[in-house]
Amino acid sequence: MANVDPNLPPTEYEVRRASRSNATAWWVAGLVAVVAIVAVVFMVTSQPAGPTADQVTAAADQARAEGMAQGAAAVQSAEANAQLAAQSAQSAAQSEADRAAAARAQAEAAADRATARSASDQGRDASDTAPAADGPQAPQQ
């Protein structure tokens, strides 16, 4: 609510609007729009060209050469691994043969000892049961 004195004459205000056209702003906006359109057209039309046939051929030759080099390296690696495996197998076989020879020698020694013990035992048994030549003979049962 406003405090208005009814006895005072009303005050009138005059409102003036400056109606000058703002043509500069419109020109700037139009120029920005034109630049944007030109930029879009440039981006659409300037796509990079695809590779030429010579470039494709060169890339294929390079890939083929790299593949052959990698294949040769893989073959060399496989040969080295095969040689290493053969040496390892030969070493294992030699070690196993050495162990078998040692076991055979131990078995032969044990057999010789057992044969010697058996012969010794048989000799002692024979002497224990043999009659004395001078004395009376024991009765046989």
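Use the structure listed above.
Here goes a summary of the coordinates provided. (Residues numbered from 1 in each chain as written. Predicted model: local features only at pLDDT ≥ 70, side-chain atom pairs only at ≥ 80, totals over all residues. Heavy atoms only, no water.)

Across its full length, the chain holds 2 helices and 0 strands. Split into buried and exposed, the 141 residues of the chain put 0% on the buried side. Total accessible area on the chain is roughly 13300 Å²; 59% of this is exposed by carbon and sulfur atoms. (Helix = DSSP H or I, 4+ residues; strand = E, 2+ residues; numbered from the N terminus. Buried < 20%, exposed > 50% of the residue type's maximum accessible area, 1.4 Å probe, protein only. Areas by Shrake-Rupley, 256 points an atom, 1.4 Å probe, with all protein chains shown as cover.)

This brings us to the pattern of salt bridges. Between side chains of opposite charge, pairing is possible as soon as their charged atoms come close. Following the criterion strictly, the structure yields 3 salt bridges and no others. Of the charged contacts, one joins Glu96 and Arg99 as a salt bridge, the two residues approaching to 3.0 Å between their closest N and O atoms. With Glu96 and Arg99 both in helix α2 (residues 53–129), this residue pair falls 3 residues apart, about one helical turn. On the basis of relative accessible area, Arg99 is assigned to the exposed category, the value being 51%. (Salt bridge = Lys/Arg side-chain N within 4 Å of Asp/Glu carboxyl O.)

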